[in-house]
Amino acid sequence: MAASPEQETAISSPEPGLLARADETEVARVVLVEDDDLCREAVAAALSVHGFVVQGFADGAALLGALEAAGGADVIILDWSLPQTSGIDLLAELRARGVDLPVVFLTGRPLATYESLAFERGAIDFIDKGRGVDVLVKRIKSVVKAFKPAADPSSDSVIASGRLVLRPDVSRAYWDEIDLGLTIGEYNTVHLLVSNVGRCVTYRSIYDRMTSEGFVAGDGDNGYRANVRSAIKRIRNKFRKHDPAFFKIQNFTSLGYCWGRPAEDQHLTASTGADQ
């Protein structure tokens, strides 16, 4: 979608001092899908100044034809109005193909109805092109930080997180000093989430911890997601048996779960619903 002159200026003109802060950003890889050549180049240049590595595509077909090359990205940025396949339909196609990367919309159509639909379909953020490069960089940083790869904790040391205490040596979890009675698979899931506090852990990472890496179950390529949702529901219910107000395990729509999250990431979309 072609951006207006004002939007292109907002994206391509860093505010004073931004160039000097380029080295503060950890190297992160971004896939950008934008059909307007000038806008795509401006956004890529602005992100590159801040240390991002950007791979640009002119439309959905180009991205879908290069998924293997783009598979190492940390985040995908989509325009809404793309030729042939719209950004919102491209998001659905990416999910259907098993692409779990966080998706952010950067659009010149900041309508509330579009924003709501984007979040319903599993987007993580929705940004108006007119907000400028400073806002864009901060929001992309937050997404990359929240969705860093899950760690693989193996320490036998006691882990304490607020009211929760984990004992890896006996695979037991205690909430307010009460044993929650988690199964080994449930304990491993909580251990993984708590070891990545504030960061999204993908459905695949959780399922690998519950079973074994690469294990396949359920209907279709993403059938394991239903098993993960059921496991999270059981875990939440065990916590709520002792604490009806328990809310620590939050869902990131279509991507995974996290144990709490940093205050600076409040614009990211999360839900605490037991059915997620």
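Our subject in this report is the structure included herewith. All figures in this text were calculated on a predicted structure; none of them were measured in a lab.

### Section: the sheet that holds strand β8 (residues 172-175)
Pairing is antiparallel across the open sheet formed by 4 strands, whose spatial order is β6-β7-β8-β9. Looking along the sheet, the strands with just one partner apiece sit at the ends: β6 (159-161) and β9 (178-179). Of the pairings in the sheet, the one linking β8 to β9 comprises 2 bridges and is antiparallel in character. Residue pairing across strands places Trp175 opposite Ile178, the latter belonging to β9. The sheet strands contacting helix α8 (residues 184-195) are β6, β7 (164-167) and β8, and the helix crosses β7 at an angle near 120°.

### Details of α8
Over its 12 residues, α8 runs 16 Å from end to end, which matches the ideal 16 Å to within 8%, given 1.5 Å per residue. Of all the positions in α8, only Glu186, Tyr187, Thr189, Val190, His191, Leu192, Leu193 and Val194 are classed as buried.

### A closer look at the pairing of β8
Along β8, the buried face is formed by Ala173 and Trp175; none of Arg172 and Tyr174, which line the opposite face, is buried. Sheet topology places β7 next to β8; 4 bridges connect them, and they run antiparallel. Counterpart to Val165 in the pairing with β8 is Tyr174. Adjacent in sequence and paired antiparallel, β7 and β8 are bridged by 4 residues, among which Ser171 carries a positive phi angle near 55°. In this antiparallel pair of consecutive strands, β8 and β9, the connection spans 2 residues, and Asp176 shows a positive phi of 55°.

### What to know about the environment of Tyr224
Tracing the sequence through the fold places Tyr224 in helix α10 (residues 224-242). Using a relative accessible area of 5% as the deciding quantity, one classes Tyr224 as buried. Sequence separation of Tyr224 and Ile206 is 18 residues, and the distance between their C-alpha atoms is 9.8 Å.

Calculation notes
- Residues numbered from 1 in each chain as written.
- Predicted model: local features only at pLDDT ≥ 70, side-chain atom pairs only at ≥ 80, totals over all residues.
- Heavy atoms only, no water.
- Pairing = 2+ DSSP bridges.
- Helix = DSSP H or I, 4+ residues; strand = E, 2+ residues; numbered from the N terminus.
- Contact = heavy atoms within 4.5 Å.
- Axes fitted to C-alpha atoms, helices over the stretch in contact; angles between N-to-C directions.
- Expected span 1.5 Å × (residues − 1).
- Buried < 20%, exposed > 50% of the residue type's maximum accessible area, 1.4 Å probe, protein only.

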